[in-house]
Amino acid sequence: MAVIGQGTWNIENATRSVTVAALRRGLDLGMTHIDCAEMYGSGAAEALVGQAIAGRREEIFLVSKVLPTHASHRGVIAACDASLARLKTDRLDCYLLHWRGAHPLEDTIAGFEHLRQQGKILVWGVSNFDVPDLEEAQRIAGAGHPACNQVLYHLEERAIENAVLPWCERHGVAVVGYSPFGNTGDLPSARTSRGRVLQEIAEAHGATVHQIALRFLVRESSVFTIPKASNPEHAAENARASDLQLSNAELERIAAAFPLERGRRALPML
Ligand SMILES: NC(=O)c1ccc[n+]([C@@H]2O[C@H](COP(=O)([O-])OP(=O)(O)OC[C@H]3O[C@@H](n4cnc5c(N)ncnc54)[C@H](OP(=O)(O)O)[C@@H]3O)[C@@H](O)[C@H]2O)c1
């Protein structure tokens, strides 16, 4: 499974043909993990992904998410069927609860297990779960579940390193970091000391600062990242970050420039 994948939130806002080209460029260069959600563009993002992956489903690790408002036992099943129809496929590789809502976790997990037995999903996971939520999910579902926890993780928001990431590593739960470029795509300018650190390391590798940021975020083997790119050039740049190797000294420099304590309020869950 590709460690650097492709996000799809807001992809419907760009020109359709360009977005589809960006997703396909990413796939061609190995970013075969695609993350979507029924929420994104109210289904429009999934429809675009369906178009982009047509004829190449077998290459792809396809993820989607159910909204908390749909996360009853029956609601999960109906939402998954609708996502599968938009994505024009018969199965998801992983299905996530987007964030915790009012439906009891037992009901959501029963819906996930039903889908798993039907072969409509291969595994299920969660998103935006803190340690107590993860413990509750594992108490209900048993060891080996959830498969992953998708959480906010970028250079300026490393809070998951305090408790969520260590818990997930202890329990074999993959961590998928979202918004690796802080949602905006902007990284600190080279006029700032933090920006200069990224710039110098990028120059040493003939790389870009965005590639350096991605490599830093996936430095632990349990962590994946899913940058979103509507621009095919951005997609290609992100994919090529997989080829970079940063030294321990470089990783430590970046960690010092973007310390854990800088962690700000998490983005609203989307
Ligand atoms: N589970 C959750 O609650 C949750 C929440 C947020 C996000 N997510 C997932 O995580 C994915 C990624 O997060 P995100 O969409 O918030 O934002 P992001 O990936 O942090 O940033 C996207 C922005 O970065 C730009 N960009 C991408 N590659 C670039 C590059 N190489 N150089 C310069 N700019 C670049 C994009 O521009 P262009 O589009 O113009 O290329 C876009 O403006 C989402 O799409 C979604 O799938 C999940």
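The rules behind these values
Residues numbered from 1 in each chain as written. Predicted model: local features only at pLDDT ≥ 70, side-chain atom pairs only at ≥ 80, totals over all residues. Heavy atoms only, no water. Pairing = 2+ DSSP bridges. Helix = DSSP H or I, 4+ residues; strand = E, 2+ residues; numbered from the N terminus. Axes fitted to C-alpha atoms, helices over the stretch in contact; angles between N-to-C directions. Contact = heavy atoms within 4.5 Å. Salt bridge = Lys/Arg side-chain N within 4 Å of Asp/Glu carboxyl O. Buried < 20%, exposed > 50% of the residue type's maximum accessible area, 1.4 Å probe, protein only. Core = buried A, V, L, I, M, F, W, Y, C linked by side-chain atoms within 4.5 Å.

A. Representation of the sheet that holds strand β3 (residues 92–97). Pairing is parallel across the open sheet formed by seven strands, whose spatial order is β1-β2-β3-β4-β5-β6-β7. Two strands in the sheet have a free side with no partner beyond their single neighbour: β1 (33–35) and β7 (223–225). The average undirected angle you get between the axes of adjacent strands in this sheet is 30°. Two elements, β3 and strand β4 (residues 121–127), share five bridges in a ladder whose sense is parallel. Pairing of Leu-97 across the sheet is with Val-126, part of β4. Lying on the sheet, helix α4 (residues 105–117) is in contact with β2 (61–66), β3 and β4; it crosses β4 at an angle near 155°.

B. Broad picture of the pattern of salt bridges. Going through the model one piece at a time under the given rule, you end up with 16 salt bridges. Here Arg-25 ties to Glu-233 by a salt bridge, and the two come within 3.2 Å at their closest N and O atoms. Of this pair, Arg-25 sits in helix α1 (residues 16–28) while Glu-233 sits in helix α9 (residues 232–240), and the two are 208 residues apart along the sequence. Here the salt bridges do not stand alone but share partners, grouping Asp-28, Arg-56 and Glu-59 into one network.

C. Spotlight on unusual backbone geometry. Following His-145, the chain continues to Pro-146 via a peptide bond in cis, the omega torsion being -10°. For Pro-146, the position within the fold is in the loop between α5 (131–141) and β5 (148–152). Even without a glycine there, the phi angle at Asn-10 is positive, about 75°. Residue Asn-10 is classed as partly exposed on the basis of its relative accessible area of 28%. Even without glycine at this site, Ser-42 takes up a positive phi of about 50°. Looking at the element boundaries, Ser-42 is found in the loop between β1 and α2 (44–53).

D. Inspection of the nonpolar core at higher detail. The biggest cluster of nonpolar side chains holds 74 residues, and the ones touching the most others in it are Val-49, Leu-62, Tyr-95, Ile-212 and Ile-254. In this view, Ile-212 contacts Leu-198, Ile-201, Ala-202, Ala-207, Leu-244, Leu-246 and Ile-254; residues no more than four positions away in its chain are not counted. Cys-94, Leu-96, Val-176 and Ile-226 belong to the second largest nonpolar core, which has nine residues in total.

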